[in-house]
Amino acid sequence: MRGAKGFYSGLCGKNHWSVKMAPSRLFIHKDRVARHLVSCLHDCKTRKGGSTYLDDHGQPAPRVLPFPSQVIYNRVGKCGSRTVVILLRLLAEKHQFNLVSSDIHNKTRLTKHEQVDLMKNISSIPQPFLYTRHVHFLNFTRFKIEQPVYINIIRDPINRFLSNYFFRRFGDWRGEQNHLIRTPGMKDDERYLDINVCILENYPECSNPRVFYIIPYFCGQHPQCREPGVWALERAKQNVLENYLLVGILEELEDVLLLLERLLPHYFTGVLNIYKSPDYRKMGNMTGTVRKQTPTLEALQVLYHRMRYEYEFYNFVRDQFHLTKKKIGLKSVSKPPAYSNDFLQQLALRTPEPLDEDEELETDLEDANSWLVHP
């Protein structure tokens with residue numbers, strides 16, 4: 001099977017995307033459009049003759065869809081997804097594609113029947129569409145359903161973990177009370193738990209499998225995808241190569257947006273101009289997590305070793321992302337990683353084996369849709 005990335009990389013020449021999208025409003029019901037078209041055709045009868053528009057011109061040409069016209073962004077929690085969703089709302093209005101952002105944000109793992117139902121619902125969305133939800137990879141081909149193109153963004157695993165840890169407790173700049181709505185049952189002793197104590201004393205939230213978080217989004221719905229190990233890691237890598245047009249890294253977000261604009265112009269043309277605009281910057285700054293603290297070196301050592309598979313996957317994705325940039329001919333200044341390779345290697349050398357953990361994987365509490373103003 002030819003990988004999505006390799007397949008599309010050869011199609012992004014300057015003049016490849018030559019089809020034009022017919023203008024339409026978002027989510028117009030197809031029955032209403034059909035009734036309107038029929039009424040217009042009957043009204044076009046000439047006074048003297050009995051001919052109609054269809055008699056004179058025949059059936060209207062079918063709409064030519066852009067390629068690809070089915071895209072899924074199975075967004076990973078605390079990896080810039082709210083930032084991207086804001087951009088997508090603006091782009092959907094500009095380019096007239098159907099954006100469906102699910103309000104289900106705490107159910108990433110599905111039963112077989114739930115998978116089939118969701119895939120059928122996604123496939124029924126009028127094309128072109130972009131569907132986004134916090135959900136682990138869905139294999140449409142397994143159920144003989146046409147496979148959409150996937151995109152995603154990840155970030156340095158420790159930074160993602162820290163962002164989620166403090167976001168659950170204290171929210172972001174949108175409001176100090178926001179976290180009380182998200183975690184109403186959290187007691188004060190848990191809310192104000194020192195991050196170093198959580199890590200060093202092996203609290204469930206700071207241990208495996210909860211810190212094994214990014215890989216399952218790409219591995220898929222198989223139960224073994226939630227078990228930290230080589231099997232899940234390799235399956236996630238394979239899915240990235242075969243089913244994802246692009247997996248970017250948050251540390252190089254502007255380059256991610258540039259590549260999306262190049263690879264999916266009918267969805268992302270102009271995205272970087274929007275992202276850099278003063279109005280968007282003002283709105284985007286509200287999504288930063290507050291009260292974040294950096295753990296001690298000792299705690300970082302323990303945490304890094306628990307997340308060693310996550311880091312192997314992150315480094316693989318980063319290398320693939322840089323390779324795609326090189327193939328496209330993208331020249332840009334990239335930010336250095338949050339933690340240098342030398343620093344992480346030192347952590348690995350000085351870190352003892354992690355303790356055994358068997359707690360259930362944390363459900364994703366981030367909701368990138370509920371607070372947005374709908375167009």
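Residues numbered from 1 in each chain as written. Predicted model: local features only at pLDDT ≥ 70, side-chain atom pairs only at ≥ 80, totals over all residues. Heavy atoms only, no water.

As recorded in an unreviewed UniProt entry, the chain goes by the name Uronyl 2-sulfotransferase, listed as coming from Oreochromis aureus. As recorded by UniProt, the Subcellular location (unreviewed entry) comment attached to the chain reads in full: "Golgi apparatus membrane". UniProt annotates the chain under Sequence similarities (unreviewed entry) with the comment "Belongs to the sulfotransferase 3 family." (UniProt positions renumbered as here; feature names shortened; annotations may be inferred.)

### Some thoughts on the sheet that holds strand β1 (residues 70–73)
Here we have five strands laid out as an open sheet, ordered β2-β3-β1-β4-β5, and parallel in their pairing. Unpaired on one side and paired on the other, β2 (98–101) and β5 (244–249) mark the two borders of the sheet. Taking the axes of each pair of neighbouring strands and ignoring which way they run, one obtains an average angle of 15° across the sheet. In terms of strand pairing, strand β4 (residues 149–154) meets β5 through five bridges, oriented parallel. The residue bridging Ile-153 from the neighbouring strand is Gly-248, located in β5. Contacts between helix α11 (residues 230–243) and the sheet are confined to β4 and β5, with β5 contributing the most and set at about 120° to the helix. The strands touched by helix α12 (residues 253–263) within the sheet are β4 and β5, with β5 carrying the most contacts at an inclination of about 160°. (Pairing = 2+ DSSP bridges. Helix = DSSP H or I, 4+ residues; strand = E, 2+ residues; numbered from the N terminus. Axes fitted to C-alpha atoms, helices over the stretch in contact; angles between N-to-C directions. Contact = heavy atoms within 4.5 Å.)

### Structural notes on the packing of α11 against helix α17 (residues 308–328)
Here α11 crosses α17 at 15°, and the two axes come no closer than 10 Å. It follows from the interaxial angle that α11 and α17 lie roughly parallel. Here α11 runs over α17; the crossing is right-handed. Of α17, the residues touching α11 (which contributes Val-230, Leu-233, Ala-236, Lys-237, Val-240 and Leu-241) are Tyr-309, Glu-312, Phe-313, Phe-316 and Gln-320. Classifying every residue of the contact of α11 with α17 by side-chain character gives eight nonpolar, one polar and two charged. (Parallel < 35°, antiparallel > 145°, perpendicular 65-115°, else oblique. Left-handed = near helix turned anticlockwise from the far one by under 90°. Nonpolar A, V, L, I, M, F, W, Y, C, P; charged D, E, K, R; others polar.)

### Digging into α11
Helix length check: α11, at 14 residues, gives a terminal C-alpha distance of 20 Å against a target of 20 Å (1.5 Å per residue), a fit within 8%. Among the residues making up α11, those that are buried are Ala-232, Leu-233, Ala-236, Lys-237, Asn-239, Val-240 and Asn-243. One side of α11 holds all its buried residues, which, seen down the axis, span an arc of 170°. (Expected span 1.5 Å × (residues − 1). Buried < 20%, exposed > 50% of the residue type's maximum accessible area, 1.4 Å probe, protein only. Arc of directions from axis to C-beta.)

### Notes on the nonpolar core
Within the largest apolar cluster, 70 residues are counted, with the highest numbers of intra-cluster contacts made by Leu-130, Ile-151, Ile-154, Ile-215, Phe-218, Phe-268 and Phe-313. A per-element tally of this core places α17 first, with seven residues. In contact with Ile-151, other than residues within four places in its own chain, are Val-71, Ile-72, Tyr-73, Asn-74, Leu-130, Tyr-244, Leu-245, Leu-246, Leu-260, Leu-264 and Phe-268. Among the nonpolar cores identified, the runner-up in size contains 19 residues, and Phe-170, Leu-193, Val-211 and Leu-303 belong to it. (Core = buried A, V, L, I, M, F, W, Y, C linked by side-chain atoms within 4.5 Å.)

### What to know about empty space enclosed by the protein
Counting across every chain of the model gives three cavities of 30 Å³ or more. By volume, the largest cavity amounts to about 50 Å³. Lining the largest cavity, in full, are Tyr-73, Val-84, Ile-151, Asn-152, Ile-153, Leu-246, Val-256 and Leu-260. Listed by contribution, the elements that provide at least two residues to the lining of the largest cavity are β4 and α12. Its residues placed into classes, the lining of the largest cavity shows seven nonpolar, one polar and no charged. (1 Å grid on protein atoms, 1.4 Å probe; cavity = no way out; pocket = protein on both sides within 12 Å on 5 of 7 lines; lining within 4 Å. Points joined across faces, edges and corners; volume = space filled by probe spheres on them.)

### Regarding the confidence of the model for the chain
Mean pLDDT over the chain works out to 78, with 65% of the residues at or above the 70 mark. Overall, residues 9–48 carries pLDDT values under 50, and its contacts beyond four positions in sequence, including any with other chains, amount to 45 contacts. Throughout residues 350–375 the model reports pLDDT below 50, and contacts reaching past four residues in sequence, or to other chains, amount to 78 contacts. (pLDDT = per-residue confidence, 0-100.)

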